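Descriptive structure summary
These are the residues of each chain, in order.
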Amino acid sequence: DAGVTQSPTHLIKTRGQQVTLRCSPKSGHDTVSWYQQALGQGPQFIFQYYEEEERQRGNFPDRFSGHQFPNYSSELNVNALLLGDSALYLCASSHFVVAGNTIYFGEGSWLTVV
Amino acid sequence: DAKTTQPPSMDCAEGRAANLPCNHSTISGNEYVYWYRQIHSQGPQYIIHGLKNNETNEMASLIITEDRKSSTLILPHATLRDTAVYYCIVRISNFGNEKLTFGTGTRLTIIP
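Here's what I pulled together on the structure shown here. (Residues numbered from 1 in each chain as written. Chains lettered and ligands numbered in written order. Predicted model: local features only at pLDDT ≥ 70, side-chain atom pairs only at ≥ 80, totals over all residues. Heavy atoms only, no water.)

Examining the sheet that holds strand 1 (residues 5-7) of chain A
The strands making up a sheet associate through backbone hydrogen bonding, with each pair oriented either parallel or antiparallel. Residues and elements named next belong to chain A. Operational definition: Think of it this way: DSSP has to see at least two bridges between two strands before they count as a pair. Helix and strand assignments come from DSSP, with helices taken as H or I runs of at least 4 residues and strands as E runs of at least 2, each series counted from the N terminus. Lines fitted to the C-alpha atoms define the axes, with helices restricted to the stretch that makes contact. Angles between their N-to-C directions range from 0 to 180 degrees.
Taken in spatial order, the 4 strands line up as 1-3-8-7 in an open sheet, and their pairing is antiparallel. Of all strands in the sheet, those bounded by a partner on one side alone are strand 1 and strand 7 (64-68). Each neighbouring strand pair of the sheet contributes to a mean axis angle of 20°, computed without reference to strand direction. In the sheet, strand 1 pairs with strand 3 (residues 19-24) via 3 bridges, with the strands oriented antiparallel. Its bridge partner lying in strand 3, threonine 5 is registered against serine 24.

Structure representation (structure tokens):
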């Protein structure tokens, strides 16, 4: 049973460029959330997708957008990259309707903006 | 979601039980206590969660006080691979809320 998988694992982008990160949820999960973790900090919630719609959003600008596909996989897009966007981007998945459910994380995508 | 307070760091001897405390004095009745750990440069790993009863799984035990204002994560026989940052998170777990709010966690170091 594959867990949460993310790609790419590492990438380097230039300021002003755009980046797309990808996530496949754990088998049986239908909800995907994205987190940003800067060096030395705890993960910060970006947003959550369920039924191909954004359901919750954290305190992140509109440059951060996402998408969920019918097979529950998801993409995180960041436009107009800033140096401060350099971070580990984590994808998490869960089953939406179960109270007390467990949220599982992938290993993350390391983004460096130069 | 309620706030949590954890000590910034702890040491534990290899082979001994590691007891990690967490204070969540403002927890409400429908909030669960979750524990995750993060080994350097990896994604957070789920450990255990509970509502009001003590819980045990293959990784750890979770002891929640009767008033639910604090909890303790117990790793029964700590190994060097348990060295990590441990996060205690309180979360309303119901339809629609999948957000986890991470604090600064406890950096646990297992000493050989």
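A look at unusual backbone geometry
Inclusion rule: Categorising residues by exposure relies on relative accessible area from a 1.4 Å probe, with only protein chains included: less than 20% of the type maximum marks a residue as buried, more than 50% marks it as exposed, and the intermediate range marks it as partly exposed.
A cis amide bond links serine 7 of chain A to the next residue, proline 8 of chain A, at an omega of -10°. Among the structural elements, proline 8 of chain A can be located in the loop between strand 1 and strand 2 (10-13). Non-glycine residue alanine 80 of chain A carries a positive phi angle of around 50°. Among the secondary structure elements, alanine 80 of chain A is positioned in the loop between strand 8 (74-78) and strand 9 (87-94). We classify alanine 80 of chain A as partly exposed; its relative accessible area is 39%. Of note in the backbone geometry, arginine 68 of chain B takes a positive phi value of approximately 65° without being a glycine. Within the element layout of this structure, arginine 68 of chain B appears in the loop between strand 6 (61-64) and strand 7 (70-75). Of the residues examined, arginine 68 of chain B reaches a relative accessible area of 10% and is grouped as buried.

Quick look at the sheet that holds strand 2 (residues 18-23) of chain B
Pairing is antiparallel in the open sheet, where 4 strands are placed in the order 2-7-6-5 (chain B). Unpaired on one side and paired on the other, strand 2 and strand 5 (55-56) of chain B mark the two borders of the sheet.

Side note on the state of the cysteines
Residue and element names in this part refer to chain B. We apply this condition: Whenever a pair of cysteine sulfur atoms sits within 2.5 Å, that pair is classed as a disulfide.
Following the criterion strictly, the structure yields 2 disulfides over all chains and no others. Across the disulfide from cysteine 22 sits cysteine 88; the S-S distance is 2.1 Å. Because the sign of the S-S torsion sets the handedness, a value of about -80° for the bond joining cysteine 22 and cysteine 88 places this disulfide among the left-handed ones. On the criterion of sequence distance, the pair formed by cysteine 22 in strand 2 and cysteine 88 in strand 8 (residues 84-92) is long-range, its members being 66 residues apart. An identical accessibility class is assigned to cysteine 22 and cysteine 88; each is buried. Cysteine cysteine 12 remains unbridged, with the sulfur of cysteine 22 as its closest cysteine sulfur at 18 Å.

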